[in-house]
Amino acid sequence: MRKIAVIMSGNAPHNRTFNEPKFNKYITQLIYFPEFEQTVLEEFDVLLFPSQLNEKLLMRAANKVRSFANNGGIVVAFGPQPWEWLPNQKWEERETNFWWWLEKGAKSGLVLAAPHYDLFNYLTLTDATWHQHGVFWPPNGAEKLITTEDGGAVMYVDKVSTKGTLIITTLDPDYHFGAYFMPATERFLDGFIPWLAEGKI
Amino acid sequence: MTTKEEILILDPGNAFGLERRTNPFINDNMTLIDQYDLDKTDLSSIQALIIPEFVDQRFLAIHKGLIEQFLNDEKLIVFCGHLYIDWLPGASHFIPKTINHHSDYALTIIKDQGIFAGVDPDDMTYNKGVSGFFARGHHPIPTDAEVLVTLPNNEPVTYIDRNTTKGTILAHAGKDLIWYYKQNKTTDRISEQLLQWIHSEINALHQGSKNI
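Given the structure is predicted, the values throughout are model-derived calculations rather than measurements.

Scoring rules and cut-offs
- Residues numbered from 1 in each chain as written.
- Chains lettered and ligands numbered in written order.
- Predicted model: local features only at pLDDT ≥ 70, side-chain atom pairs only at ≥ 80, totals over all residues.
- Heavy atoms only, no water.
- Helix = DSSP H or I, 4+ residues; strand = E, 2+ residues; numbered from the N terminus.
- Rg over C-alpha atoms; globule rule 2.2 N^0.38 Å.
- Buried < 20%, exposed > 50% of the residue type's maximum accessible area, 1.4 Å probe, protein only.
- Contact = heavy atoms within 4.5 Å.
- Areas by Shrake-Rupley, 256 points an atom, 1.4 Å probe, with all protein chains shown as cover.
- Lys, Arg positive; Asp, Glu negative; His and termini not counted.
- Charge placed at Lys NZ, Arg CZ, Asp CG, Glu CD.
- 1 Å grid on protein atoms, 1.4 Å probe; cavity = no way out; pocket = protein on both sides within 12 Å on 5 of 7 lines; lining within 4 Å.
- Points joined across faces, edges and corners; volume = space filled by probe spheres on them.
- Nonpolar A, V, L, I, M, F, W, Y, C, P; charged D, E, K, R; others polar.
- pLDDT = per-residue confidence, 0-100.
- Salt bridge = Lys/Arg side-chain N within 4 Å of Asp/Glu carboxyl O.
- Polar contact = N/O pair within 3.5 Å; in protein donor to acceptor, adjacent residues only side chain to side chain.
- Pairing = 2+ DSSP bridges.

1. Quick word on the overall build of chain B
- Each helix and strand counted, chain B has five helices and 12 strands in total.
- On C-alpha atoms alone, chain B measures out to a radius of gyration of 16 Å, which is about the 17 Å that the 2.2 N^0.38 rule sets for 212 residues.
- The C-alpha extent of chain B, read off along each of the three principal axes, is 45 × 40 × 35 Å.
- Residues counted as buried form 57% of the 212 residues belonging to chain B.
- Contacts spanning at least 24 positions in sequence make up 65% of the contacts within chain B whose residues lie at least 6 apart.
- Entry remark: accessible area of chain B is about 8,700 Å², with carbon and sulfur atoms responsible for 48%.

Here's what the structure looks like:
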């Protein structure tokens, strides 16, 4: 099983989500973000950055994150990323489609772009469907797992920008589960966290 | 009259909070500071501190002495969010509501204190027919706190505590009250009315007669 460290902002949703026993049992260490610079990362295989982290701490962490990835590590990031701290990050902010499911003949706008990927033995596209805050435009050679209908990446895996692996998604299940809202986000984490720990990436 | 320099709002530095840095209502009426600058800021002239839902509560717990001193200097704190660690005097940790039906989120305004004047409780409970945006649980209240809003089993969502310290605490177990605007509903009144209440409560604290 991979050793996963999760970065903690100190906000209430992160506290709930990553201390939830069914997720916490897959986590080796919770790292309080203000202490990230002083934390030795050698023992970890995966660093998970949940959504809504502090801008200044993200920018300060960027080089250490890149080094971790270049040592073969797996870096995961959830949620909208208005600040460029991830290698080759190309984020496009879009109006959030909060209400698509109330419309007649509703479509979420999500496309399962890589159904063969092992992640989808752990969760379905429906489990990843609530709303999107924007898309990423990953570099050539990265694999898009979930996209919008116009090809923007809602989730992608990038094994070309560093010597490790970046798993980047606009989705923010950590916030919604932690704020006691939106059941799909719990199903997403029920699949995603075990896959991260033991699945084929 | 309290100036905007005397009302601080913490910026957790998160993506959802980015818009607040340029929002006219925020910038015209209060001063936004990075949450991690709180302990480096001279609070002697500050009268009110607004603490939003995405705040780093571990940081506040490290500085709980500063929070307590601020209140005992007869000042005001507004906190919106889910308390999970001890830093706010008299306050208990958030308890989520068990939900069996969407009406379990239905809100009642017990006392508006001006903040919820003219606000339709259904506009608080429902957003496009979906319930649960406003609050999904409560904080058990300190002794003699004044309850403003409740969930169906009288769980106190919003309360004012003027007894635990020499100052005033408004605690709300939900999304940021200062950010209710431009939804074309009666809840749009909340941000402006909360600001007015903050001003009048500061005046009352200065006069040594907390608003009843």
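2. Quick word on the overall build of chain A
- When helices and strands are tallied, chain A shows five helices and 10 strands.
- Its C-alpha radius of gyration of 16 Å places chain A within 12% of the 17 Å reference for a compact globule of 201 residues.
- For chain A, the spread of C-alpha atoms along the three principal axes comes to 50 × 35 × 30 Å.
- When the 201 residues of chain A are sorted by exposure, 62% land in the buried category.
- Intrachain contacts of chain A at a sequence separation of at least 6 include 66% that bridge at least 24 residues.
- Of the roughly 8,200 Å² of accessible surface on chain A, a fraction of 47% belongs to carbon and sulfur atoms.
- In chain A, which carries 18 positive and 23 negative side-chain charges, the distance between the mean positions of the two groups comes to 3 Å.

3. Things to note about empty space enclosed by the protein
- Counted under the stated rule, the structure contains four cavities of 30 Å³ or more.
- In this structure, the largest cavity occupies an estimated 100 Å³ of space.
- Class assignment of the residues belonging to the lining of the largest cavity gives a composition of seven nonpolar, three polar and three charged.
- There is about 50 Å³ of room inside the second largest cavity.
- Together, Ser 9, Asn 11, Gln 52, Leu 53 and Asn 54 of chain A together with Pro 12, Gln 35, Tyr 36, Phe 54, Val 55 and Asp 56 of chain B line the second largest cavity.
- For the lining of the second largest cavity, the class distribution of residues is five nonpolar, five polar and one charged.

4. Observations regarding the confidence of the model for chain B
- Residues with a pLDDT of 70 or more make up 98% of chain B, whose mean pLDDT is 95.
- Under the prediction, the complex receives an ipTM of 0.94, its pTM being 0.94.

5. A few points about the side chain of Asp 158 of chain A
- With respect to the helices and strands, Asp 158 of chain A occurs in strand 9 (residues 153–158).
- Apart from residues no more than four positions distant in its own chain, Asp 158 of chain A is found in contact with Pro 87, Pro 139, Ala 142, Gly 164, Thr 165 and Leu 166 of chain A.

6. Brief notes about the environment of Asn 63 of chain A
- Within the fold, Asn 63 of chain A resides in helix 3 (residues 55–70).
- Sequence spacing of Asn 63 of chain A and Phe 181 of chain A is 118 residues, and the spatial spacing of their C-alpha atoms is 34 Å.

7. A look at the pattern of salt bridges
All names here are of chain A.
- Taken as a whole, this structure holds 16 salt bridges over all chains when the rule is applied.
- Salt-bridge contacts for Lys 3 lead to Glu 43; the nearest nitrogen and oxygen are separated by 3.3 Å. Pair noted here: Lys 3 is in the segment before strand 1 (4–8) and Glu 43 is in the loop between strand 2 (27–32) and strand 3 (46–49), with a separation of 40 residues, a long-range link.
- On the basis of relative accessibility, which here comes to 42%, the residue Glu 43 falls in the partly exposed class.
- Taking the shortest distance from any N to any O, the salt bridge between Asp 127 and Arg 187 comes out at 3.2 Å. You can see Asp 127 sitting in the loop between strand 6 (110–112) and strand 7 (134–136) and its partner Arg 187 sitting in helix 5 (residues 183–198), a full 60 residues away along the chain.
- Under the relative-accessibility criterion, Asp 127 is labelled buried at 12%.

8. Considerations on helix 1 (residues 12–19) of chain A
- Among the residues making up helix 1 of chain A, those that are buried are Ala 12, Pro 13, His 14, Thr 17 and Phe 18 of chain A.
- Put simply, Asn 11 of chain A is the residue that caps the front of helix 1 of chain A, since its side-chain oxygen is 2.9 Å from the backbone nitrogen of His 14 of chain A.

9. Focus on the pairing of strand 1 of chain A
Residues and elements named next belong to chain A.
- For strand 1, the buried fraction is high: five of the five residues fall into the buried class.
- What you see with strand 1 is no split at all: Ile 4, Val 6 and Met 8 on one side and Ala 5 and Ile 7 on the other are buried throughout.
- Relative to strand 2, strand 1 is paired through five bridges, and the arrangement is parallel. Within strand 2, the residue paired with Ile 4 across the bridge is Ile 27.

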